[in-house]
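Descriptive analysis of the structure
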Amino acid sequence: MRSEVVDVQTGPEESVYDLTGDCERFLAGIPGRPDGLLHVFVPHATAGLATIETGSGSDDDLLQVLQRVLPPELGWRHRHGSPGHGRDHVVPAFLPPYAVLPVLSGVLELGTWQRLCLVDTNRDNPRRKVRLSFVDG
């Protein structure tokens, strides 16, 4: 298995960060253009992954839905950090911190408009690590 960690700067606002290019760069470094699986893991308790179209407003729509489903002012029991931070710890229950994607001939197999994105609602931690691991088929 080949694996590496990518550092991501998400910033001080809730964000949807497109990881697709990072995944493609990682796969391009694997010799022989093999078939297999790309496992992507976010080792954080307050971030998740989504396969979603970006650039057309869907990423902003996703953040808006998370605001409605998980409102910061709900009165979360987990209270350290900025106001509403408890909701950030619930996000991975809705958007898992991992994804497994097929790779054929060294190319990530996504649908026409699909992108793999890190969804980060935690304004207290603008730096994230993402582990990319390739399992040869």
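Here, the structure is the one placed above.
The paragraphs below set out a description of the structure included in this document. This one's a predicted model, so the numbers in the text were calculated from it and none came from an experiment.

About the criteria used
Residues numbered from 1 in each chain as written. Predicted model: local features only at pLDDT ≥ 70, side-chain atom pairs only at ≥ 80, totals over all residues. Heavy atoms only, no water. Helix = DSSP H or I, 4+ residues; strand = E, 2+ residues; numbered from the N terminus. Buried < 20%, exposed > 50% of the residue type's maximum accessible area, 1.4 Å probe, protein only. Pairing = 2+ DSSP bridges. Contact = heavy atoms within 4.5 Å. Axes fitted to C-alpha atoms, helices over the stretch in contact; angles between N-to-C directions. Expected span 1.5 Å × (residues − 1). Arc of directions from axis to C-beta.

Non-glycine residue Arg33 carries a positive phi angle of around 50 degrees. Structurally, the position occupied by Arg33 is in the loop between helix 1 (20-28) and strand 3 (36-41). The exposure class assigned to Arg33 is exposed, which follows from its relative accessible area of 53%. Even without glycine at this site, Ser105 takes up a positive phi of about 50 degrees. Note on placement: Ser105 falls in the loop between strand 5 (98-104) and strand 6 (107-108).

Moving on: the sheet that holds strand 8 (residues 127-136). If you trace the 5 strands from one edge of the open sheet to the other, you get 1-8-3-5-6, paired in antiparallel fashion. Single-partner strands in this sheet number two, and they are strand 1 (2-9) and strand 6. As defined by bridge partners, strand 3 adjoins strand 5 across 6 bridges and the pair is classed as antiparallel. Each bridged residue has a counterpart across the sheet, and for Val40 the counterpart in strand 5 is Ala99. Together, strand 1, strand 3, strand 5, strand 6 and strand 8 form the strand contacts of helix 1, whose direction differs from that of strand 8 by roughly 40 degrees.

Before going further, it helps to examine helix 2 (residues 58-69). Look at helix 2: 16 Å from first C-alpha to last across 12 residues, which is about the 16 Å you get at 1.5 Å a residue. Residues Asp59, Leu62, Leu63 and Leu66 constitute the buried set of helix 2. For helix 2, the arc enclosing every buried residue in end-on projection is 95 degrees, short of the 170-degree limit, so these residues lie on one face. Among the exposed residues of helix 2, those pointing more than 90 degrees away from its buried face are Asp60 and Arg68. Of the surrounding secondary structure, the elements contacted by the buried residues of helix 2 are strand 2 (15-18), strand 4 (47-52), helix 3 (85-88) and strand 7 (115-120).

Glancing now at the sheet that holds strand 7. Two orientations exist for strands paired in a sheet by backbone hydrogen bonds: parallel and antiparallel. What the 3 strands build is an open sheet, ordered 2-7-4; its pairing is antiparallel. This sheet does not close on itself; its edge strands, each paired only once, are strand 2 and strand 4. Strand-to-strand twist across the sheet, computed as the mean angle between neighbouring axes with direction ignored, equals 30 degrees. Sheet topology places strand 2 next to strand 7; 4 bridges connect them, and they run antiparallel. Among the inter-strand pairings, Asp18 is bridged to a residue of strand 7, identified as Cys117. Along the sheet, helix 1 contacts strand 2 and strand 7; its crossing angle with strand 7, the most-contacted strand, is approximately 125 degrees.

This part covers the environment of Asp60. Note on placement: Asp60 falls in helix 2. Given a relative accessible area of 54%, Asp60 falls into the exposed group.

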